[in-house]
Amino acid sequence: MSPIHDQSYRRYSGSREPMGRAWAVIAWAGIRGMLNKKLFLGVLVGAWIPVLVFTVRIWFAVTYPQAGQLFGVTPAMFQQFIEVQTLFMFFVTVYVGSGLIANDRRANALQIYLAKPLMRVEYIAGKVAILAAFLLFITLVPGLLLIILQVSFSGSFAFISSNPHVLPAVILSSLVHVVVASFAMLALSSLSKSARYVAILYTGVIFFTSAMAGILFGITGSTRGAWISIGMNLELVTDLMFRQKPSYEAPVTVSVLILAGLVALSISVLERRVRGVEVVK
Amino acid sequence: MNDSPAVRLDKVSVVYGRNQALKDVSAVFPKGAVGLLGPNGAGKSTMLKSLLGFLTPTKGTLEVLGLNVADKPLEIRARLGYMPESDGHIPGMNAVTFVAYCGQLAGLPKTDAMQRAHEVLYYVGLGEARYRNVETYSTGMKQRIKLAQALVHDPDLLFLDEPTNGMDPKGREEMLELVRDLAHNKGVNLILSSHLLPDVEYTCDYVVVLDKGTVATHGSIEQLKGPAGRVFEVRVKGNLPPFIAALEAAGMACQETEEDIMRVFVPGEAMGGGVDQQRICGLARTSGVQVRHLKASLPSLEDVFAKAVGES
């Protein structure tokens, strides 16, 4: 007599997905995990409040052109939006990113991940995608939405055609902010087993570099030392993209090089730290 | 492909900093259940991690299921299940989500992975606890979940690194039963790395003994246990060292156990008629000790291990 349901081990004869998709599995699981946290949902909702404010501003400027001087829709307005969002980017980066690798290291999960048919770069890509998805959701997505709303409210493409650099500037500046924040945070997260420590470290790096730049201003009376600050480098690059007057005197090429170097350094740290086995020499 | 061994190592050396963990190791692990035996620090975990591609050997080649580890690491890992020695889980997940997630990472479609996760969790005895967060599990349960995540994608070869570590006797027995069932009834090839001889003896048919980064001996357990020689349990009263020296001079090997009983290995073909017993008693007499207990014993893997790693 055979049992009603065999609960013993059975061989699997179904299909298997092609290799190279594990990063998406990691990313989706991470995104779903974060969306289950009510506090984080609150942060996301908060990050969209400026979108509402800017939407009203665009509507007002389009509906009452006489108020244009005060509330005018200009390329600078879109840059201002990106800059406002950097505050929320900081919170989301700390909340989402600090534990991305640190928690896996604490739970010895790297050996589980890397014993599966996935490369280290897929693991890193999956983790970056989690943070990048949320950061893009509060920068690029609302940035593009504001452009669409401007076109919808005005009923013409006049603004876009007279300012063709705005759309690429919104896309590029969002991407630069997201890439720098994602890789820097992920690299820091790979250095520790404590998400809390990583959060403090990231906050320290951001504020310490800005404080150092501030001290230099005080001493020299010049903003040429702005390249020391990660945030100011991002501001300078954003100024360039939106074709605005640079906020600081530091050369923008130096800022670009520093940001590129930071991303390269982060990738190098990740390459060293994300391994299936920790070798203590 | 079917004729290829589960694992083949050819002159493999692995170095950790200044420490050479594997020294020019050549070994063949046939399909079936193979025990990787050795004292702590012998290089067992290093060997498994090298086979997984976590460590790159400084010298030599590694093959798993006929594929070169250096060339086809992903193809190999798609067909491997690895149960690590240390605790490991994905933070913030319950057991069924964790195991299904591991299935997806190994290439199973989402729905299949979830179905397999339920099945495998029942198989390892965590069916009732499958919706609990893994972080709340006891040590024994964590061992079981590690086995479940290694099994979910139905690997052709399973690496089990000290699977009974930290388990209570009942849990240990159940874990060994699972491993034995997988190897002997479910057709899963496995390599069980352990320093616990009874675990290997109960679950495996073949054994590779590592010591100080080299292969001390290898072969089927039956073959290794049943050489031309006999084992006796001996307890004596008197000064032991001269007696041990006399036994060793006569070509016998001695191993002291935890109690006051020695295990004496007598090499050569059995002569019958109590000749071996008479020789031991004769040596005891000439060494000035009294034999209080002398009993023929079945050779165990412990004897093989002791001889191989030179503890006798």
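Scroll up a little and you will see the structure.
Residues numbered from 1 in each chain as written. Chains lettered and ligands numbered in written order. Predicted model: local features only at pLDDT ≥ 70, side-chain atom pairs only at ≥ 80, totals over all residues. Heavy atoms only, no water.

Colleague: Sorry if this is basic, but what is going on with the pairing of strand E3 (residues 33-37) of chain B here?
Modeller: Residue and element names in this part refer to chain B. Within E3, five of the five residues are buried, which leaves it mostly tucked inside the rest of the structure. Side chains Ala 33, Gly 35 and Leu 37 project from E3 onto one buried face, and the interleaved Val 34 and Leu 36 project onto a second face that is buried too. Bridge count between E3 and strand E8 (residues 189-194): five bridges; the pairing is parallel. Bridged to Leu 37 within E8 is Ser 194. (Buried < 20%, exposed > 50% of the residue type's maximum accessible area, 1.4 Å probe, protein only. Helix = DSSP H or I, 4+ residues; strand = E, 2+ residues; numbered from the N terminus. Pairing = 2+ DSSP bridges.)

Colleague: I would appreciate a short explanation of the sheet that holds strand E5 (residues 67-68) of chain B in the present structure.
Modeller: Hydrogen bonds between backbone groups are what pair the strands of a sheet, and the pairing can be parallel or antiparallel. All names here are of chain B. Overall, antiparallel pairing links the four strands, which are arranged E2-E1-E4-E5 in an open sheet. At either end of the open sheet lies a strand with only one pairing partner, and these are strand E2 (19-29) and E5. Taken together, the two bridges between strand E4 (residues 59-64) and E5 define a ladder with antiparallel strand orientation. By the bridge assignment for E5, Glu 63 is matched with Asn 68.

Colleague: Hey, could you run me through the side chain of Thr 139 of chain A in this one?
Modeller: Position of Thr 139 of chain A among the secondary structure elements: in the loop between helix H8 (120-138) and helix H9 (140-154). Filtering out sequence-adjacent residues up to four positions away, Thr 139 of chain A remains in contact with Phe 81, Gln 85, Met 89, Ser 174 and Val 178 of chain A. (Contact = heavy atoms within 4.5 Å.)

Colleague: I tried to follow the packing of helix H2 (residues 38-47) of chain A against helix H5 (residues 75-97) of chain A on my own but got confused; where do I start?
Modeller: Angle between the axes and distance between the axes are the two parameters that describe a pair of packed helices. All names here are of chain A. Where H2 contacts H5, the two axes come as close as 10 Å, and the packing angle between them is 165°. By the angle between their directions, the pair H2 and H5 is classed as roughly antiparallel. The way H2 lies across H5 gives a crossing that is left-handed. Contact residues: H2 offers Leu 39, Phe 40, Val 43, Gly 46 and Ala 47, while H5 offers Gln 85, Phe 88, Phe 91, Val 92, Tyr 95 and Val 96. Broken down by class, the residue content of the contact of H2 with H5 amounts to nine nonpolar, two polar and no charged. (Axes fitted to C-alpha atoms, helices over the stretch in contact; angles between N-to-C directions. Parallel < 35°, antiparallel > 145°, perpendicular 65-115°, else oblique. Left-handed = near helix turned anticlockwise from the far one by under 90°. Nonpolar A, V, L, I, M, F, W, Y, C, P; charged D, E, K, R; others polar.)

Colleague: How should the sheet that holds strand E9 (residues 206-211) of chain B be read in this particular structure?
Modeller: Residue and element names in this part refer to chain B. Judged by pairing direction, the sheet is mixed, and its six strands sit side by side in the order E6-E7-E8-E3-E9-E10 without closing on themselves. Looking along the sheet, the strands with just one partner apiece sit at the ends: strand E6 (80-83) and strand E10 (214-220). In this sheet, neighbouring strand axes are inclined to one another by 15° on average, regardless of whether the strands run parallel or antiparallel. Here helix H1 (residues 44-52) sits on the sheet in contact with E3, E6, strand E7 (157-161), E8 and E9, set at roughly 145° to E7. Against the sheet, helix H5 (residues 139-151) makes contact with E6 and E7, and its axis sits at roughly 170° relative to E6, the strand it touches most.

Colleague: Hey, could you run me through the packing of aromatic side chains in this one?
Modeller: The geometry of an aromatic ring pair is captured by the separation of the ring centres together with the interplanar angle, meaning the angle of the planes. Residues and elements named next belong to chain A. Under the defined criterion, the tally for this structure stands at 15 aromatic pairs over all chains. Taken together, a centroid distance of 5.4 Å and an interplanar angle of 75° make the contact between Phe 54 and Phe 81 edge-to-face. Here Phe 54 is found in helix H3 (residues 49-63), whereas its partner Phe 81 is found in helix H5, with 27 residues between them in sequence. For Phe 54, a relative accessible area of 6% gives the class buried. The buried category is assigned to Phe 81, whose relative accessible area is 1%. Between Phe 90 and Tyr 202 the ring centres are 6.0 Å apart and the planes differ by 20°, which places this aromatic pair in the stacked class. You can see Phe 90 sitting in helix H5 and its partner Tyr 202 sitting in helix H12 (residues 195-220), a full 112 residues away along the chain. (Phe/Tyr/Trp six-rings, centres within 6.5 Å; stacked < 30°, edge-to-face > 60°.)

Colleague: What should I look at first to understand the pairing of E8 of chain B in this one?
Modeller: Every other side chain in a regular strand lies on the same face of the sheet, so the side chains alternate between the two faces. Residues and elements named next belong to chain B. In terms of burial, E8 is a largely internal element, six of the six residues being buried. Where burial is concerned, the two faces of E8 agree: the one with Asn 189, Ile 191 and Ser 193 and the one with Leu 190, Leu 192 and Ser 194 are both buried. Judged from the five bridges that link them, E7 and E8 form a sheet pairing that is parallel. Residue pairing across strands places Leu 157 opposite Asn 189, the latter belonging to E8. Since E7 and E8 lie parallel, the crossover through helix H6 (residues 169-184) that links them has a hand, and here it is right-handed. (Right-handed = clockwise from strand over helix to strand, strands pointing away.)

Colleague: Would you take a moment to explain a nonpolar patch on the surface for this structure?
Modeller: Residues and elements named next belong to chain A. Nonpolar side chains collect at one region of the surface, where Leu 167, Ile 171, Leu 172 and Leu 175 lie side by side and expose about 290 Å² of accessible area between them. With respect to the helices and strands, Leu 167 occurs in helix H11 (residues 166-189). Among the residues examined, Leu 167 registers a relative accessible area of 36% and is labelled partly exposed. (Patch = residues over 30% accessible without salt bridge, like charges linked within 9 Å, V, L, I, M, F, W, Y side chains within 5 Å. Areas by Shrake-Rupley, 256 points an atom, 1.4 Å probe, with all protein chains shown as cover. Salt bridge = Lys/Arg side-chain N within 4 Å of Asp/Glu carboxyl O.)

Colleague: Help me understand the nonpolar core, please; the structure alone is not making it clear to me.
Modeller: Among soluble globular proteins, nonpolar side chains are generally buried collectively. If you look at the biggest cluster of nonpolar residues, it comprises 159 residues, and the most contacted ones within it are Phe 78 of chain A together with Phe 29, Leu 147 and Phe 159 of chain B. For this core, the element with the highest residue contribution is H11 of chain A, accounting for 11 residues. For Phe 78 of chain A, the residues in contact, after removing those within four places along its chain, are Val 73, Gly 143, Leu 146, Ile 147, Phe 159, Val 166, Val 170 and Phe 242 of chain A. In terms of nonpolar packing, the next biggest core, distinct from the first, is built from 16 residues, Val 234, Val 236, Val 264 and Val 266 of chain B among them. (Core = buried A, V, L, I, M, F, W, Y, C linked by side-chain atoms within 4.5 Å.)

Colleague: Any chance you could explain the state of the cysteines here in plain terms?
Modeller: Any covalent bond linking the sulfur atoms of two cysteines counts as a disulfide. Considering all chains together, one arrives at zero disulfides over all chains under this definition. Distance from the sulfur of Cys 281 of chain B, which forms no disulfide, to the nearest cysteine sulfur (Cys 254 of chain B) is 14 Å. (Disulfide = S-S within 2.5 Å.)

Colleague: Mind showing me how you'd approach the environment of Leu 44 of chain A here?
Modeller: Residues and elements named next belong to chain A. If you trace the backbone, Leu 44 turns up in helix H2. Classification of Leu 44 as buried rests on a relative accessible area of 7%. Spatially, the C-alpha atom of Leu 44 lies 30 Å from that of Glu 271, the residues being 227 residues apart in sequence. When neighbours within four sequence positions are excluded, Leu 44 is seen to be in contact with Leu 35, Phe 134, Phe 137 and Ile 138.

Colleague: Whenever I open this one, unusual backbone geometry confuses me. Can you help?
Modeller: What is expected of a backbone is that most residues other than glycine have negative phi and most peptide bonds are trans. Located in the positive-phi region is Asn 108 of chain A, a residue other than glycine, with phi close to 55°. Within the secondary structure, Asn 108 of chain A sits in the loop between helix H6 (102-106) and helix H7 (110-114). The phi dihedral of Lys 11 of chain B is positive, around 50°, even though this residue is not glycine. With respect to the helices, strands and loops of the structure, Lys 11 of chain B is situated in strand E1 (residues 7-16).

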